[in-house]
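Single-letter residue listing:
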Amino acid sequence: MCTSIVYSAGDGYFGRNLDLEVSFGQEVVITPRDYAFNFRKLPTMEHHYAIIGVALVKDNYPLYFDGVNEEGVGMAGLNFDGPAHFFSVEDGKDNVSPFEFIPYVLGQCKSVEEAKQLMTNLNLVNINFSDQLKLSPLHWLIADRSGKSIVVESTVTGLHVYDNPVGVLTNNPEFPQQLTNLANYQSVSPAEPANTLTPGIALNNYSRGIGSHLLPGGMDSESRFVKETFTKMHAPAGKSERENVTNYFHTLNAVDQQKGLDEVAPNTFEYTIYSDGVNLATGTLYYTTYENNQINAVAMRNANLNSSDLVSYPMLNNQAINYQN
Ligand SMILES: C[C@H](CCC(=O)NCCS(=O)(=O)O)[C@H]1CC[C@H]2[C@@H]3CC[C@@H]4C[C@H](O)CC[C@]4(C)[C@H]3C[C@H](O)[C@]12C
């Protein structure tokens, strides 16, 4: 399971938790403007916006899990196992495979609005990257600098593009159901609740934080959707990049998965392998890994973006502890 957010605090920040039981060998990858993106069914994109994100590079192709382009559009693929359905190639449509979808959108869109326009003739098709890397059942969160975001889901009923008023995406069920479910938790609050349970009988507010007593806390995607929405909606905007990045990670960490809590097969546990967040105005990518809580950063602007060669940075995985004596 995974969680992705766009957090607006002066600058916007976009990223995700990647939760899984195995690591794919992903790295931080910058795709410069002149790297030729070959598409299976569409013409090659020779020039495009530069992209920074987390990807697995296979045969010199960046298989992005999530990324942000130099115009400040972010996009993340999250598991959508069950509802996800991809179609056969259809003449006259823009046939794009799920593994090509992030380069397709981030390569050419400056905003969520442009991404919506681009998708009016889109057909997400069932083409594998390779026999080893087959189709993944994904859905996507796309956001831009304004904080606006949409969700893209391809199911048996077709391609759906939903406005996302809360800027959060997790996994199943389908996005409209996730939004509907929020209604069940609308009384959750940072403030002390008004007692409507026992009119005329005073209750003892025995603890601080009672307003959030009904907040779900499970590892499941419905619980994470509610918890992350609440956390993010109340997250403060800081005065500096350092403060905002700190708040961003605290916000995302509200739904991270600790080892041992989510058993997906006997004695095999899903956990948060990495968390990342990109400043949409500057293109700097910050990340932590399960093993290393230290925030590491890679700046897109420090790479030569007028090039055709991918630049990869391994994710630093050793816990950095400051021993004080
Ligand atoms: C598994 C991850 C989602 C995390 C998650 O939700 N895990 C729940 C597991 S469980 O459902 O709970 O058991 C997703 C998110 C992005 C995906 C990559 C996208 C590019 C590429 C697409 C190709 O087509 C196949 C290979 C490819 C490298 C993909 C592998 C994998 O699919 C990635 C890592």
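Summary of the structure given here. Quick caveat: nothing in here was measured; it's all calculated off a predicted structure. (Residues numbered from 1 in each chain as written. Predicted model: local features only at pLDDT ≥ 70, side-chain atom pairs only at ≥ 80, totals over all residues. Heavy atoms only, no water.)

**Details of the overall build of the protein**
Phase 1: A count of helices and strands for the protein gives five helices and 18 strands.
Phase 2: A compact globule built from 325 residues would reach a C-alpha radius of gyration of about 20 Å, and the protein, at 20 Å, matches this within 12%.
Phase 3: When its C-alpha atoms are laid out on the principal axes, the protein stretches across 70 × 60 × 45 Å.
Phase 4: Across the 325 residues in the protein, those meeting the buried criterion constitute 50%.
Phase 5: Put simply, 67% of the contacts in the protein that link residues at least 6 apart link residues at least 24 apart.
Phase 6: Mean positive and mean negative side-chain charge positions of the protein (19 and 35 charges, respectively) differ by 4 Å. (Helix = DSSP H or I, 4+ residues; strand = E, 2+ residues; numbered from the N terminus. Rg over C-alpha atoms; globule rule 2.2 N^0.38 Å. Buried < 20%, exposed > 50% of the residue type's maximum accessible area, 1.4 Å probe, protein only. Contact = heavy atoms within 4.5 Å. Lys, Arg positive; Asp, Glu negative; His and termini not counted. Charge placed at Lys NZ, Arg CZ, Asp CG, Glu CD.)

**A closer look at the packing of aromatic side chains**
Phase 1: Within the structure shown, the criterion is met by 16 aromatic pairs.
Phase 2: Seen from their ring centres, Phe39 and Tyr104 are 6.0 Å apart, and the 80 degrees between their planes marks the pair as edge-to-face. Within this pair, whereas Phe39 is found in the loop between β3 (27-31) and β4 (51-58), its partner Tyr104 is found in helix α1 (residues 98-106), the two being separated by 65 residues in sequence. Neither residue differs from the other here; Phe39 and Tyr104 are each classed as buried. (Phe/Tyr/Trp six-rings, centres within 6.5 Å; stacked < 30°, edge-to-face > 60°.)

**Section: the nonpolar core**
Phase 1: Phe101, Tyr104, Val105, Trp140 and Ile142 are the most contacted members of the largest nonpolar core, which totals 87 residues.
Phase 2: If one sorts the elements of this core by residue count, α1 sits on top with six residues. (Core = buried A, V, L, I, M, F, W, Y, C linked by side-chain atoms within 4.5 Å.)

**Describing unusual backbone geometry**
Phase 1: The step from Asn172 to Pro173 runs through a cis peptide bond, and the omega angle for that step is -5 degrees.
Phase 2: Relative to the helices and strands, Pro173 resides in the loop between β12 (168-169) and α3 (175-182).
Phase 3: Non-glycine residue Asn60 carries a positive phi angle of around 60 degrees.
Phase 4: With respect to the helices and strands, Asn60 occurs in the loop between β4 and β5 (61-69).

**Focus: the sheet that holds β12**
Phase 1: Spatial ordering of the open sheet is given by β12-β1-β2-β15-β16-β17, a layout of six strands whose pairing is antiparallel. Every interior strand has two partners, whereas the edge strands, β12 and β17 (296-299), have only one.
Phase 2: Strand direction decides the pairing type here: strand β16 (residues 284-289) and β17, joined by four bridges, are antiparallel. The partner of Leu285 across the bridge, within β17, is Val298.
Phase 3: Contacts from helix α4 (residues 221-233) reach β1 (2-9), β2 (11-20) and β12 within the one sheet, and its direction differs from that of β1 by about 15 degrees.
Phase 4: Relative to β2, helix α5 (residues 241-253) is tilted by about 35 degrees, and along the sheet it contacts β1, β2, β15 (271-279) and β16. (Pairing = 2+ DSSP bridges. Axes fitted to C-alpha atoms, helices over the stretch in contact; angles between N-to-C directions.)

By themselves these figures say nothing about function.
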